[in-house]
Amino acid sequence: MVGLLPRNRELKVWRVPVTPKLDSILEKALELNAYVSKSDFIREAVREKLAKMGLMETLAKQPSGMRNG
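Please read all numbers here as calculations on a predicted model, not as lab measurements. Residues take numbers from 1 onward in each chain, read along the sequence in its written order. Whole-chain, interface and lining totals are the exception, using all residues; otherwise, since this is a predicted model, local features are given only for residues with pLDDT of at least 70 and side-chain atom pairs are given and counted only at 80 or more. To get the side-chain values, all heavy atoms of the structure are used, and hydrogens and water are removed first.

Quick look at the overall build of the protein chain now. Helix and strand assignments follow DSSP, with helices taken as H or I runs no shorter than four residues and strands as E runs no shorter than two, numbered in order from the N terminus. In terms of regular secondary structure, the protein chain is built from three helices and zero strands. Relative accessibility under 20% of the residue-type maximum defines a buried residue, over 50% an exposed one, and the middle range a partly exposed one, all with a 1.4 Å probe and only protein chains included. Relative to its 69 residues, the protein chain shows a buried fraction of 6%. Areas reported as accessible are Shrake-Rupley estimates using a 1.4 Å probe. Residue values count occlusion only from the protein chains shown. Entry remark: accessible area of the protein chain is about 6,200 Å², with carbon and sulfur atoms responsible for 59%.

See the structure below:
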């Protein structure tokens, strides 16, 4: 499965309002792909965007106490 999280990690919760249309499109994407949930899809999308910006490498170099991603 894509994007399973370790059980012992502290997680931050984001509340992100979206339009009904965007929600509907995301529901369709979940049906077509191997994502377990909207949260799983969104986490992966954020990681991909941060990687394109060159920020995932920066995050990986931080001491473990400073990482939350």
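Quick look at the packing of aromatic side chains now. Paired rings are identified among Phe, Tyr and Trp, the last through its six-membered ring, by centres lying within 6.5 Å, and are further divided according to the angle between planes into stacked (under 30 degrees), edge-to-face (over 60) and tilted (the rest). Under the defined criterion, the tally for this structure stands at one aromatic pair. Summarising the aromatic geometry, the rings of Tyr35 and Phe41 are spaced 4.9 Å apart at their centres and angled 70° between planes, so their arrangement reads as edge-to-face.

On to the pattern of salt bridges. Here the idea is simple: oppositely charged side chains can pair when their charged atoms come close. For salt bridges, the criterion is a side-chain nitrogen of Lys or Arg within 4 Å of an Asp or Glu carboxyl oxygen. Applying the stated criterion to the full structure yields four salt bridges. Taking the shortest distance from any N to any O, the salt bridge between Lys28 and Glu31 comes out at 4.0 Å. On the criterion of helical spacing, the pair formed by Lys28 and Glu31 is a turn pair, its members being three residues apart in helix α1 (residues 20–32). Classification of Lys28 as partly exposed rests on a relative accessible area of 49%. On the basis of relative accessibility, which here comes to 60%, the residue Glu31 falls in the exposed class. Between Glu44 and Arg47 there is a salt bridge, with its nearest N and O atoms 3.8 Å apart. Of the two residues, Glu44 and Arg47 are both situated in helix α2 (residues 38–52); the distance of three residues between them amounts to about one turn of the helix. Its relative accessible area of 22% is what places Glu44 among the partly exposed residues. By relative accessible area, Arg47 is classed as partly exposed at 24%. A single network of salt bridges, built from pairs that share partners, joins Asp23, Glu27 and Lys38.

Patches here: salt-bridge-free residues with over 30% relative accessible area, like charges joined within 9 Å, nonpolar side chains (Val, Leu, Ile, Met, Phe, Trp, Tyr) joined within 5 Å. Among the surface-exposed residues, Trp14, Val16, Val18 and Leu22 lie close enough to one another that they form a single nonpolar patch of about 460 Å² accessible area. With respect to the element layout, Val18 can be found in the segment before α1.

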